[in-house]
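# Structure assessment
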Amino acid sequence: MFPARYARAVFSLIMSGLMSCIVTGIATVKAIGFGPGTFGDWMASWAFCWPIAFSVILLLGPTVQGLVNRLVSPQD
């Protein structure tokens, strides 16, 4: 278990991993189709994109959350 102070970083790591995996998988298959090298190309693309996605979510997450808080009315 991680201390609560790391919650945003852990969320960012997991969310960026899942999203970048799914998106790079779809983009790879769309670009090159299914073939013997598809999985390796997907993993290479994912390895490149995951740190970028993590950084974006970690850095811009608070800004996006603030925007969402302004756009959504609080529950009763």
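Each chain carries its own residue numbering, running from 1 in the written order of its sequence. In keeping with the model being predicted, local features are shown solely for residues with a pLDDT of at least 70 and side-chain atom pairs are shown and tallied solely at 80 or more, while totals for entire chains, interfaces and linings include all residues. The basis for every side-chain value is the complete set of heavy atoms in the structure, and neither hydrogens nor water enter the calculation.

### Some details on the packing of aromatic side chains
Pairing of aromatic rings covers Phe, Tyr and the six-membered ring of Trp, with a centre-to-centre limit of 6.5 Å; geometry is then stacked below 30 degrees between planes, edge-to-face above 60, and tilted otherwise. This model, assessed by the stated rule, comprises two aromatic pairs. With a centroid separation of 6.0 Å and 85° between ring planes, the pair formed by Phe39 and Trp42 is classed as edge-to-face. With Phe39 and Trp42 both in helix 2 (residues 38–71) and three residues apart, this pair spans about one turn of that helix. Each residue is assigned to one of three classes by its accessible area relative to the maximum for its type, calculated with a 1.4 Å probe on protein chains only: buried under 20%, partly exposed between the two thresholds, exposed over 50%. Among the residues examined, Trp42 registers a relative accessible area of 25% and is labelled partly exposed. When the centroid spacing of 5.1 Å and the interplanar angle of 0° are considered together, the rings of Trp46 and Trp50 count as stacked. Of the two residues, Trp46 and Trp50 are both situated in helix 2; the distance of four residues between them amounts to about one turn of the helix. Trp50 sits in the partly exposed class, given a relative accessible area of 30%. What counts as a helix is a DSSP run of H or I of at least four residues, what counts as a strand is a run of E of at least two, and both are numbered from the N terminus.

### Considering helix 2
Any helix carries an expected span of 1.5 Å times its number of residues minus one. In this model helix 2 runs just 41 Å from its N-terminal to its C-terminal C-alpha over 34 residues, more than 12% under the 50 Å that 1.5 Å per residue would give. To obtain the bend at a residue, axes are fitted to the seven residues ending there and to the seven starting there, and the angle between these axes is taken. Of all the bends in helix 2, the largest measures some 50° and sits at Leu60, one to four residues before the proline Pro62.

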